[in-house]
Amino acid sequence: QVQLVESGGGLVQAGGSLRLSCAASGSIFRVTRMGWSRQAPGRQRELVAALTSAGNTNYADSVKGRFTISRDNAKNTVYLQMNSLKPEDTAVYYCNVEVMPSLGVFKDYWGQGTQVTVSS
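The structure displayed is predicted, hence computed values, not measured ones.

If you look at the biggest cluster of nonpolar residues, it comprises 30 residues, and the most contacted ones within it are Leu-4, Trp-36, Phe-67, Ile-69, Leu-80, Met-82 and Tyr-93. Contributions of two or more residues to this core are made by strand E1 (2-7), strand E3 (18-26), strand E4 (31-39), strand E5 (46-52), strand E7 (67-72), strand E8 (77-82), strand E9 (91-102) and strand E11 (114-119). The biggest single contributor to this core is E9, with five residues.

Take the pairing of E1 next. What you see with E1 is a clean split: Val-2, Leu-4 and Glu-6 sit on the buried side and Gln-3, Val-5 and Ser-7 on the side with no burial. In this structure, E1 lies alongside E3, joined through six bridges in antiparallel fashion. In the strand pairing of E3, Gln-3 is matched with Ser-25.

Topologically, Glu-6 is positioned in strand E1. For Glu-6, a relative accessible area of 7% corresponds to the buried category. Taking C-alpha positions, Glu-6 is 12 Å from Val-97, a pair spaced 91 residues apart along the chain. Those residues within four positions of Glu-6 in sequence are excluded, and the remaining contacts are Ser-21, Cys-22, Trp-36, Tyr-93, Tyr-94, Cys-95, Gly-111, Gln-112, Gly-113 and Thr-114. A distance of 3.2 Å separates a polar side-chain atom of Glu-6 from the backbone nitrogen of Thr-114.

Before going further, it helps to spend a moment on unusual backbone geometry. Of all residues except glycine, most have a negative phi; of all peptide bonds, most are trans. Here Asn-76, not a glycine, exhibits a phi torsion of approximately 50°, which is positive. Structurally, Asn-76 is set in the loop between E7 and E8. Of note in the backbone geometry, Ser-84 takes a positive phi value of approximately 50° without being a glycine. Within the secondary structure, Ser-84 is located in the loop between E8 and E9. Classification of Ser-84 as partly exposed rests on a relative accessible area of 41%.

On inspection of all chains with the given rule, the structure shows zero aromatic pairs. Between Arg-19 and the ring centre of Tyr-79, over which it is positioned, the NZ or CZ distance is 4.3 Å. One residue, Arg-45, lies across the ring of Tyr-94, its end atom 4.0 Å from the ring centre.

So, how was this worked out
- Residues numbered from 1 in each chain as written.
- Predicted model: local features only at pLDDT ≥ 70, side-chain atom pairs only at ≥ 80, totals over all residues.
- Heavy atoms only, no water.
- Core = buried A, V, L, I, M, F, W, Y, C linked by side-chain atoms within 4.5 Å.
- Buried < 20%, exposed > 50% of the residue type's maximum accessible area, 1.4 Å probe, protein only.
- Helix = DSSP H or I, 4+ residues; strand = E, 2+ residues; numbered from the N terminus.
- Pairing = 2+ DSSP bridges.
- Contact = heavy atoms within 4.5 Å.
- Polar contact = N/O pair within 3.5 Å; in protein donor to acceptor, adjacent residues only side chain to side chain.
- Phe/Tyr/Trp six-rings, centres within 6.5 Å; stacked < 30°, edge-to-face > 60°.
- Lys NZ or Arg CZ within 6 Å of the ring centre and 35° of its normal.

Structure below.
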């Protein structure tokens, strides 16, 4: 099984920055995608950013130009750099890792979530 440990959340003023990190351990192999999602109170979880094993990135329109997803394969860690934060970015942020243990078989793992609060 894969375990994901997140850190970096907290309280920040609008316009500020935070850097989230997610360290993976356990049976992590053949990673196909890593990403971040968020869930605000009373809202559905939404994809924020994703990074494939090929290096392709995908961002939600609401965060394009402000957030950057990156990875360090040697450390099995994925990061989310968040700049120019807005109050509407307030949410619990979840790390996600997808692996392919065999051809055509995919498994998703999720972190525990970390709270990000942006004040105005």
